[in-house]
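# Results of the structural survey
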Amino acid sequence: MDDLDSLEAESIYILREAFSRLRPLAMLWSLGKDSNVMIWLAKKAFLGRVPFPVVHLDTGLEFPEVYAFRERYAREWELELIADACPPIEDVDPTLPPASRLAARKTHGLRQAIDRYGFHGLIAGIRRDEQATRAKERVFSPRGEDNAWDFRDQPPEFWDLFHLDFPPGTHVRVHPLLHWTELDVWRYIARENIPVCPLYFAREGKRFRSLGEIGITFPIDSEATDIAEVIAELRGTNSAERSGRAMDHEGEDAFERLRVGGYM
Amino acid sequence: MPGTITDKRAFPIVVVGHVDHGKSTLVGRLLHDTGSLPDGKAEQLRAQSAKRGLDFEFSFLLDSLQVERDQGITVDAAQIWFHTARRRYVIIDAPGHLEFLRNMVTGASAAEAAVLVVDAKAGVSEQTRRHGYLLGILGVRQVVVAVNKIDLIEHDEARFTAVAQAVLDYLAGIGIIPAAIVPLSARHGENVVERGTRSPWYAGPTLVEALDALTPRPPASHGPLRLPVQDVYRLQDRRVIVGRIESGRVAVGDAVRFVPGSQTARVAAIETWNDLVPATTAVTGQSVALSFDRDVFIERGAVASAADNAPPESHVVTVQLFWLDRQPLVPGDRLSLRYGTAEHRVTVEAIEAVIDVESLIAAPALALPQNAVGRARLTSVRPLAIDSFADSPRTGRGVLVREHRIAGGFVVEELPGQSRNLTSVDAPVTPAERALRNGHAGGVLWLTGLSGAGKSTLAMRLLRALTDRGRLAYVLDGDNVRQGLNRDLGFSPEDRAENVRRIAEVAKLLADAGVIVIAALISPLAPQRAAARRIIGAGFHEVHVAADLATCEGRDPKGLYRRARADGLADFTGVSAAYDTPEAPDLRLDTGALGIEEAAHALLAFAETAFVAAPEPGGHAAVLLGG
């Protein structure tokens with residue numbers, strides 16, 4: 001087994017644990033590269049069929065290419081898609097900086113989905129190497145009634161004996177890609193030939209390294225026009241993956257506040 | 001030199017040690033000096049520090065959460081990547097604060113190797129020892145010791161040697177031989193990546209050189225197959241079991257045995273999606289889906305094992321454990337025990353020792369407090385198919401759960417030996433042969449419940465009905481046995497336990513002789529009933545004759561409740577002694593709600609199914625009765 005095989009096996013193990021022990025279960029499909037990898041892994045874990053709904057928290061502000069990708073692959077991958085509109089920005093804490101406030105609409109959308117469908121488990125594609133606060137996450141991360149993340153009091157998690165026995169009212173975030181790096185994700189996409197949104201590839205010297213809403217997500221300078229070139233570019237970079245995501249940079253604790261409030 | 005990073009999976013290391021010995025500073029230094037920081041990160045933090053009026057510290061690189069800066073401690077195991085010319089690393093920076101031991105455990109359990117940070121001036125401290133000890137339990141055997149703050153002892157060789165010797169002695173006591181002991185200064189960047197000039201007497205490796213010399217542990221592919229079953233999926237017309245291979249390998253055509261139990265089957269296929277070439281073998285670490293040449297009736301928690309080398313089934317395990325819960329562990333505690341994908345209720349039979357991490361002496365103890373390590377004996381009603389840690393590390397360990405919380409982790413030290421059975425003589429007539437003659441198997445229905453719940457009444461009804469149908473049946477009634485075999489016993493807790501033990505042994509003998517034994521006795525405590533199940537084995541069936549106390553007291557057929565209330569009868573179950581309601585009886589009869597006829601009918605149906613009909617498809621009795 002090579003390193004990608006190990007990562008794949010571990011993620012499949014996590015997905016199967018979630019499916020066996022958390023119902024109802026759903027997967028968050030942001031339409032980004034990481035969540036496409038998750039869907040691919042779910043098809044492997046469950047032998048061809050994703051046996052739970054995938055949820056797109058729709059702000060109505062995705063790029064047109066992203067919506068086109070959603071329509072095509074929801075059909076091709078035979079997904080049970082839930083794409084309810086997130087609550088309006090007026091509902092969001094006005095003390096958050098503007099981009100964070102826009103991003104926090106997804107937190108509200110998530111809460112809405114939990115209330116509406118009663119999900120007990122939600123699979124999300126976050127990774128430890130993306131952002132310092134995500135580095136502190138557990139693979140199975142419990143959230144209380146208020147959806148909040150209490151990073152000061154997280155349950156221990158060791159030997160892959162994942163703990164899923166929580167008091168009623170708790171829902172659990174499941175993070176099957178937590179140990180992957182950005183480079184791992186791209187190498188796996190290349191190996192498995194997994195479709196991704198064309199915005200990841202350079203046009204006129206710019207490409208998106210991380211996908212988010214129009215207005216708070218910006219492309220980076222890049223000449224990488226295919227997967228191999230993206231991988232080559234990443235091997236030579238020392239800049240942060242989320243540098244094009246405005247909400248990470250509005251204040252030194254802006255993203256941390258988002259996450260404590262329940263953001264992915 | 002990012003261009004030289006290999007794509008190989010990062011080598012996970014954990015940084016442990018006493019609080020304030022400089023773990024975060026060391027990690028910050030490693031990131032900085034290996035050129036592993038994102039562009040501008042150090043400058044950004046320098047600016048932030050200046051804004052707060054603080055001197056820049058390398059530990060700030062890690063303290064990315066607001067709360068950490070406020071409290072000045074690393075709250076959780078954070079993961080950070082760095083790279084050397086040789087390979088990529090992922091560092092788990094584990095907190096040194098005692099309160100956060102659960103986070104240290106979380107971080108260290110995923111590591112291949114550990115850097116144990118020791119303050120050169122303060123020397124070996126409590127958390128140095130505790131962390132060192134836990135590394136041993138967690139299976140992290142590769143350790144590099146970083147003797148930090150060497151500048152604070154003026155780079156003095158003799159003082160370094162003294163600290164190094166103390167660490168070496170301690171680690172030797174727990175069976176760890178460090179790969180290197182490096183004198184260094186994280187703050188000044190000496191002997192971390194760059195060789196320092198102020199300790200010319202030191203000829204050993206720098207920290208990074210020592211780390212680069214470590215090797216990943218090989219996967220346990222050579223061991224016997226262990227595949228804990230995660231789930232059973234239905235795929236078109238076949239059942240597929242899924243799970244991850246924790247040890248050994250599996251190939252199409254291999255015979256596999258599922259434990260607990262005795263079902264065996266051959267692997268028909270390794271099921272995959274989107275693979276052009278069907279897989280025919282799978283190895284340790286792989287998540288697989290297997291279909292078999294015949295239907296297997298198993299559930300999550302079973303262990304698919306090598307047919308000729310399966311884990312033993314046991315009801316008692318002795319474990320070495322670390323305890324994380326605020327509430328201490330005491331004998332009699334009931335917990336959930338999880339290993340692989342299995343989960344069982346267990347009772348703490350005894351705390352055998354608590355280990356003093358200073359002296360490494362195992363002392364007798366009545367309780368295991370938070371953050372302590374010790375040894376305990378646990379009993380389970382249902383058989384555990386678990387390995388000893390020495391035989392199979394990944395399937396010889398587990399966690400203990402109390403009230404929705406992970407309360408501790410354990411490794412299996414000892415399984416009950418079979419030496420006690422070595423003197424038994426094999427009989428020429430087997431239970432199977434007797435069952436064939438009698439038309440039913442022998443076994444035990446163990447009726448437990450409060451006095452007045454209806455145990456004796458139901459037992460006698462069942463005896464009549466079974467006898468009328470030509471079954472060989474006998475009642476062991478608690479009160480009757482106390483007039484003979486057990487007349488020397490009273491009602492103290494010890495005597496009650498002995499009463500149950502003797503009745504269980506007699507029931508086992510009768511069951512062996514082919515009789516359906518109906519044992520009717522209060523047997524108030526779960527550990528006693530667990531002991532009975534252990535003695536009797538697979539033929540044991542627990543029947544809870546349930547009625548609430550008010551109902552029983554209203555019936556009071558023997559006038560005992562009246563006496564208990566009036567005369568203060570000591571140790572009277574339900575009034576002055578506890579009754580443990582069975583958590584998962586094989587049958588529960590609510591005699592408060594059911595009429596006696598209905599209850600007797602249900603009990604008869606259960607007995608017929610248990611001893612006369614096939615207990616499970618393909619099982620013992622079906623084969624016997626088929627001919």
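Given the structure is predicted, the values throughout are model-derived calculations rather than measurements.

We now examine the overall build of chain B. On a plain count of helices and strands, chain B comes out with 16 helices and 26 strands. A buried classification covers 47% of the 627 residues belonging to chain B. Partitioning the intrachain contacts of chain B with sequence separation of at least 6 by distance along the chain shows that 72% fall at a separation of at least 24.

What follows concerns the overall build of chain A. When you go through chain A residue by residue, the secondary structure sums to 7 helices and 8 strands. The C-alpha atoms of chain A give 17 Å as radius of gyration, which agrees with the globular expectation for 264 residues (18 Å, within 12%). Here the C-alpha coordinates of chain A stretch approximately 50 × 50 × 35 Å along the principal axes. The buried share of chain A, reckoned over its 264 residues, is 52%. When contacts within chain A are restricted to residue pairs at least 6 apart in sequence, those whose partners lie at least 24 apart make up 74%.

Before going further, it helps to spend a moment on the sheet that holds strand β24 (residues 516-520) of chain B. All names here are of chain B. If you trace the 5 strands from one edge of the open sheet to the other, you get β23-β24-β22-β25-β26, paired in parallel fashion. Looking along the sheet, the strands with just one partner apiece sit at the ends: β23 (473-477) and β26 (587-590). Sheet twist, expressed as the average angle between the axes of neighbouring strands with direction ignored, equals 20 degrees. Each of β22 (443-448), β23, β24 and β25 (540-546) is contacted by helix α9 (residues 455-468), which is oriented at about 165 degrees to β23, the strand it contacts most.

A few words now on helix α3 (residues 64-76) of chain A. All names here are of chain A. Here α3 is 13 residues long and its end C-alpha atoms lie 19 Å apart, about the 18 Å a rise of 1.5 Å per residue gives. Where α3 is concerned, the buried positions are V66, F69, R70 and Y73. Axial view of α3: buried residues confined to an arc of 105 degrees, hence all on one face. Those residues of α3 that are exposed and angled more than 90 degrees off the buried face are P64, E71, R72 and R75. Remark: E78 follows α3 within two positions and exhibits a positive phi of approximately 55 degrees.

Of all hydrophobic cores here, the largest spans 180 residues; its most connected members are A108, A114, A146 and V147 of chain B. Broken down by element, the residue count for this core peaks at 8 residues, all from helix α1 (residues 3-21) of chain A. With 48 residues, the next largest nonpolar core counts L458, L466, V500 and I536 of chain B among its residues.

In this section: the sheet that holds strand β2 (residues 54-55) of chain A. All names here are of chain A. Ordered in space as β3-β2-β1-β4-β6-β5, the 6 strands form an open sheet in which the pairing is mixed. What marks the edges here is a single partner per strand, and that holds for β3 (81-82) and β5 (140-143). As paired elements, strand β1 (residues 25-28) and strand β4 (residues 121-123) share 3 bridges and run parallel to each other. Bridge assignment links M27 to a residue of β4, and that residue is I123.

Moving on to the confidence of the model for chain B. Residues and elements named next belong to chain B. In the predicted model, chain B carries a mean pLDDT of 84, and the fraction of residues at 70 or more is 89%. Within chain B, the lowest mean pLDDT, 29, falls on helix α16 (residues 620-626), and the highest, 97, falls on strand β13 (residues 287-292). Here residues 64-77 is a poorly scored stretch, pLDDT under 50, and it has 38 contacts once near neighbours within four places are set aside; other chains count. Segment residues 418-424 is flagged for pLDDT under 50; beyond a separation of four residues in sequence, or across chains, it makes 0 contacts in the model.

With that out of the way, let us pick up unusual backbone geometry. A cis amide bond links R23 of chain A with the next residue in sequence, P24 of chain A, at an omega value of -10 degrees. Structurally, P24 of chain A can be placed in the loop between α1 and β1. Cis geometry is found at the peptide bond from V259 of chain B to P260 of chain B, where omega equals -5 degrees. Positionally, P260 of chain B belongs in the loop between β10 (255-259) and β11 (263-270). At L47 of chain A, a residue that is not glycine, the phi angle is positive and equals roughly 60 degrees. Checked against the element boundaries, L47 of chain A lands in the loop between α2 (33-45) and β2. Judged by C-beta crowding, with 17 C-beta atoms within 10 Å, L47 of chain A ranks as partly exposed.

Our focus in this paragraph is the pairing of strand β6 (residues 171-174) of chain A. Residues and elements named next belong to chain A. Sheet topology places β4 next to β6; 3 bridges connect them, and they run parallel. Bridge pairing links G121 to V172 in β6. As defined by bridge partners, β5 adjoins β6 across 4 bridges and the pair is classed as antiparallel. Residue P142 lies in a different strand from β6, and its bridge partner there is V172.

This part is about the packing of helix α4 (residues 101-108) of chain B against helix α5 (residues 126-138) of chain B. Residues and elements named next belong to chain B. For the pair α4 and α5, interaxial distance at closest approach is 10 Å and the crossing angle is 45 degrees. In terms of orientation, α4 and α5 fall into the oblique class. α5 is crossed by α4, and the crossing has right-handed handedness. Contacts between α4 and α5 involve M104, V105 and A108 from the former and H131, L134, L135 and L138 from the latter. Residue composition of the contact of α4 with α5, grouped by class: 6 nonpolar, 1 polar and no charged.

Turning next to the pairing of strand β8 (residues 238-244) of chain B. Residue and element names in this part refer to chain B. Of all 7 residues making up β8, 5 are buried, and the element is well covered by its neighbours. Pairing of strand β7 (residues 226-235) with β8 involves 6 bridges; the strand directions are antiparallel. Bridge assignment links Y233 to a residue of β8, and that residue is V240. Where β7 hands over to β8, the hairpin turn is made up of 2 residues, of which Q236 adopts a positive phi near 45 degrees. Across 5 bridges, β8 lies against β13 in antiparallel orientation. By the bridge assignment for β13, V242 is matched with A289.

Procedures and definitions
Residues numbered from 1 in each chain as written. Chains lettered and ligands numbered in written order. Predicted model: local features only at pLDDT ≥ 70, side-chain atom pairs only at ≥ 80, totals over all residues. Helix = DSSP H or I, 4+ residues; strand = E, 2+ residues; numbered from the N terminus. Buried ≥ 20, exposed ≤ 12 C-beta atoms within 10 Å, placed from the backbone. Contact = placed C-beta atoms within 7 Å. Rg over C-alpha atoms; globule rule 2.2 N^0.38 Å. Pairing = 2+ DSSP bridges. Axes fitted to C-alpha atoms, helices over the stretch in contact; angles between N-to-C directions. Expected span 1.5 Å × (residues − 1). Arc of directions from axis to C-beta. Core = buried A, V, L, I, M, F, W, Y, C linked by C-beta atoms within 7 Å. pLDDT = per-residue confidence, 0-100. Parallel < 35°, antiparallel > 145°, perpendicular 65-115°, else oblique. Left-handed = near helix turned anticlockwise from the far one by under 90°. Nonpolar A, V, L, I, M, F, W, Y, C, P; charged D, E, K, R; others polar.

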